[in-house]
Amino acid sequence: MSDPMSQAPNFEVFSRKRASRSVTERVIELVLLLAALSSVGTTIAIMVLLISESVGFFKEVPILEFLTSKSWSPLFDNPEYGILPLVSGTLTTTLVALSVAIPMGTIAAIYLSEFAPQKVREVIKPVLELLAGIPTVVYGYFALLFVTPLLQQLYAPLGTLVNGFTEKLPAGGLSDWLYNDVPLDLGGFNMLSAGLVMGIMITPLISSISEDAMRSVPTELREGSYATGATRFQTAWKVVFPAAMSGISSSYILGISRAVGETMIVAVAAGLQPIFTFNPLNSAATITAFIVQVSLGDIPHGSLEYQTIFAAGLVLVLVTLVLNIIGYFLSKRFREEY
Amino acid sequence: MVEEVSQLNVTAVKPKAEVIDLDFYYGSTHVLKRVNLVVPDRQITALIGPSGCGKTTLLRCFNRLHDLYPDNHYNGEIVFDSAVNILSPKVDPIEVRMRIGMVFQRPNPFPKSIYENVAYGLRVQGERKTSVIDDKVERALKSAALWDEVKDRLKSPAYALSGGQQQRLCIARALATEPELILFDEPTSALDPIATSNIEELMAELKQQVTILIVTHSMQQAARLADYTAFMYLGEMVEFNRTLALFNSPLNKQTEDYVKGRFG
Ligand SMILES: Nc1ncnc2c1ncn2[C@@H]1O[C@H](COP(=O)(O)OP(=O)(O)O)[C@@H](O)[C@H]1O
Ligand SMILES: [Mg+2]
C-alpha cells in the first residue's frame, strides 16, 4: 500500500485490476519455476543416488586404484577395479562417432538448408528423421553383421601390407608397435565399426537441429551476402553457418552426449572386453556397455559388484559433463571470434 | 517565376543504367508493368510511390536478387553503361552484384567483426592481400563517415554498434568493392532522425563517386536528397523528372495527388 497510485481514489479501479493481474502473473511464474525446478530436481536426485551408492563402493576400493589401474575385471574371482579401460572405450567410440557425425551432419544441414530444392528436401528430411527413429539395437546388429564384415574386407589388404612390412623390420620399437596395433585381420568385434555406425545414428540428430538453426537465420543476412557478389556456398559457409553457430553447437553437444551414453551399439558390436586402448581396431567395452552387462546378470543387491554399476555411472556422468563443458567453451570461443 | 522544365529531356542526361520495358512477376502476380526509367550517372535518383507499388521489386531487379527465388520471372532490359543488358541470361548475376552494391531497409551486418563486415565483399571477390584489404576497409569506413567512431575497435562485433552506425557499416560494406551504382531500399526507415540526417549527408557526399538509386517512403527525403525522382503507382512508372519539377509541376494527375499528400 505504499504505492502512491493506490491512494488516489481515481485510480482505484486500475489498482484493483493491477492486483488481480499480479496474482495471475505470480501463479504463472510459480508454475514455470516448478517446471524448471523439476528437471533440476531429477538431476540432483540422480546425482545423490549415484554418489550415495558409490560411497559404499569406494569404502572397499581405493579411489586412486579406481582412477589409475588399467585393468577392469570386477566380476572375476580375482577382481580388479580400474575404470580406465571403460573410459578409453567410451572416448574412442565417441571420437570415431563424432568424426563421422559432425562433418556429415553439418554438411547435410548446409545442403538441406541452403542448397536443396524444396522437392529434394521434402524427401530427404523424413528419411533422415526415420533414421533417427530406428532402435539402437538394430544399429548394433547392423554394425556387427554388415559393417564389420565390410570393414574386414576393406582392411585385409592394408593388414597384409603392414604385416609384410613389419616382418622385415628388426624386432622392437616400431615393429612391436605395428605388430600389436595393426593386426593382420580386423577382429569381429571392434570399436571402429561400432563408432562408425554410432556416427551414422547421430548424424540425423545433428543435421536436423543444425538445419533448423540455419533456416532460422534471417533472409536479410543471406541477401546482404549475395548483394556483395558472394556465391551460394560462400553465403552458406561464411554468413549463415556462423550466424547459426549457437544452434549448431548445441546440436554438437547433444551429439556428444548421445555418443557417450550410447549403449546397445557398443554392447553388440564392440566386444564387451575391457581393454585399455585408444586404438579403434581393437575390441573394447564402454561404461554403458558394462552397466547393461552387469544389470542383465543376476547380481545380489548391495554387493560390491552391484555397486560398481553406480561408480561406473558416476564416471559416465562426469565424462559427459566434462565433454559438455569443453564443447560449451569451444563453441563460445568460436562465437566470440566475430 | 522561372519556368521549370517539366518534361525531362532524357537525352540530356548521361545514363548509368536504363530500364527498358521491364515486366516482373512473383509467380503469376504481375508486379511491374512495362517499366521504363533512366538512372543518371553520379546523381541521386529516388523512387517514390505508395506502399506496395513495386519500388523494392524494381530496385532488386538491378542486382538480380530476384534470381535467388525460382518463382520470380521478368522480361525486359536494364542496360548498364549503355552497353550491356544486365538482365540477359548470358550475364552472370554474381558479376552484376560485384559492380552494383545494395543497402537494405534494415541494417543487416553479418555476425562478424566490424572489420570483417567491410572486408567481406573483397574477400568473396577473391582479394587475399591483407595490405590491400586493410587499405580498402579503411577507405570504405572513411567514405561511410564511420572511421573515427570505430577505428579503435575494428575487431569488435558489428552487433555492438547502434542502428545508425550499423547502417553506415552496411554502406561501407557496399562501398568497399568500389561499385559504380548503389541501390538503397528505404535505408533510413529503421533509424531515428539524427541517424537519418547523417545518412542523407553521407549519400549527398557519395554521389561524387557513385550513382545512387534510392527507394524512399518519404517524399521529404526525396525532395531533400534526390536530383531525379520517379513516381510509381500500381506497378507502373507514372512520371519521372528532375526532383524539383516533379514536385512543383507534376504532369500527371496521380503524381500531383500523391506529392500534394492527397493519398498514399
Ligand atoms: N516475394 C514476394 N512474393 C509475392 N509477392 C510479393 C513479394 N514481394 C512483394 N510482393 C508484392 O509485390 C508488390 C510490390 O511489392 P514491393 O516491390 O515490395 O512494393 P514497395 O517496395 O513499393 O512497397 C506488392 O503487392 C507485394 O505484396
Ligand atoms: Mg519496399
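- Labelled according to an unreviewed UniProt entry, chain B appears under the name Phosphate ABC transporter ATP-binding protein, originating from Oscillatoriales cyanobacterium SpSt-418.

- Per an unreviewed UniProt entry, chain A goes by the name Phosphate transport system permease protein and belongs to Oscillatoriales cyanobacterium SpSt-418.
- Comment text from UniProt for chain A, heading Sequence similarities (unreviewed entry), reads "Belongs to the binding-protein-dependent transport system permease family. CysTW subfamily."

## Looking at the environment of Asn252(B)
All names here are of chain B.
Alright, step 1. Structurally, Asn-252 can be placed in the loop between helix H9 (243–248) and helix H10 (253–259).
Alright, step 2. Taking the C-alpha atoms as reference points, Asn-252 and Val-238, 14 residues apart in sequence, are found 7.4 Å from one another.
Alright, step 3. Not counting residues up to four positions away in its chain, the partners in contact with Asn-252 are Val-238 and Glu-239.
Alright, step 4. Engagement of the side chain of Asn-252 in a polar contact is seen with the backbone nitrogen of Gln-254, the distance being 2.6 Å.

## Description of the packing of helix H4 (residues 84–115) of chain A against helix H10 (residues 232–243) of chain A
Residues and elements named next belong to chain A.
Alright, step 1. Following both chains from N to C, one finds H4 and H10 inclined at 115°, their axes separated by 11 Å at the closest point. The pairing of H4 with H10 is recorded here as roughly perpendicular in orientation. Between H4 and H10 the crossing geometry is right-handed. On the side of H4, the interface is formed by Thr-106, Ile-110, Glu-114 and Phe-115, while H10 contributes Arg-232, Phe-233, Ala-236, Trp-237, Val-240 and Phe-241.
Alright, step 2. Across the contact of H4 with H10, the residue classes break down as seven nonpolar, one polar and two charged.

## Structural notes on the site of ligand 1
Residue and element names in this part refer to chain B.
Alright, step 1. Taken together, the residues surrounding ligand 1 are Tyr-26, Val-31, Ser-51, Gly-52, Cys-53, Gly-54, Lys-55, Thr-56 and Thr-57.
Alright, step 2. Between ligand 1 and the protein, one listed contact pairs an oxygen atom with a backbone N or O atom of Gly-54 at 3.1 Å.
Alright, step 3. Within the side chain of Thr-56, a nitrogen or oxygen atom sits 2.6 Å from an oxygen atom of ligand 1.
Alright, step 4. Contact with the protein chains hides 56% of the accessible area of ligand 1, taken as 560 Å² for the molecule alone.

Definitions and limits used
Numbering of residues begins from 1 in every chain and follows the order in which that chain's sequence is written. Working convention: letters from A go to chains and numbers from 1 go to ligands, in the order in which they are written. Totals for whole chains, interfaces and linings use all residues, but because this is a predicted model, local features are given only for residues with pLDDT of at least 70 and pairs of side-chain atoms are given and counted only at 80 or more. The side-chain values count all of the structure's non-hydrogen atoms but skip hydrogen atoms and water molecules. UniProt positions are given in the numbering used here, feature names are shortened, and annotations may be inferred rather than shown by experiment. Strands are runs of DSSP state E lasting at least two residues, helices are runs of H or I lasting at least four, and both sets are numbered from the N terminus onward. Whether two residues touch is decided by their heavy atoms; if any such pair falls within 4.5 Å, the residues are in contact. Whenever a nitrogen or oxygen atom comes within 3.5 Å of another N or O atom, the pair is scored as a polar contact, on the condition that within protein one atom can donate a hydrogen and the other can accept it, and that pairs from neighbouring residues in sequence are kept only if both atoms are in side chains. Here an angle of 0 to 180 degrees is reported between the N-to-C directions of two axes, which are lines fitted to C-alpha atoms, with helices fitted over the stretch in contact. Note that the term roughly parallel is reserved for angles under 35 degrees, roughly antiparallel for angles over 145, roughly perpendicular for angles of 65 to 115, and oblique for everything else. We call a crossing left-handed when the near helix sits turned anticlockwise from the far one by less than a right angle, and right-handed when that turn is clockwise. Any residue outside Ala, Val, Leu, Ile, Met, Phe, Trp, Tyr, Cys, Pro, Asp, Glu, Lys and Arg is labelled polar, Gly included; the first ten of those are nonpolar and the last four are charged. Any residue with a heavy atom lying within 4 Å of a molecule or strand is counted as near it. Using the Shrake-Rupley algorithm and a 1.4 Å probe, accessible areas are obtained, with residue cover drawn only from the displayed protein chains.

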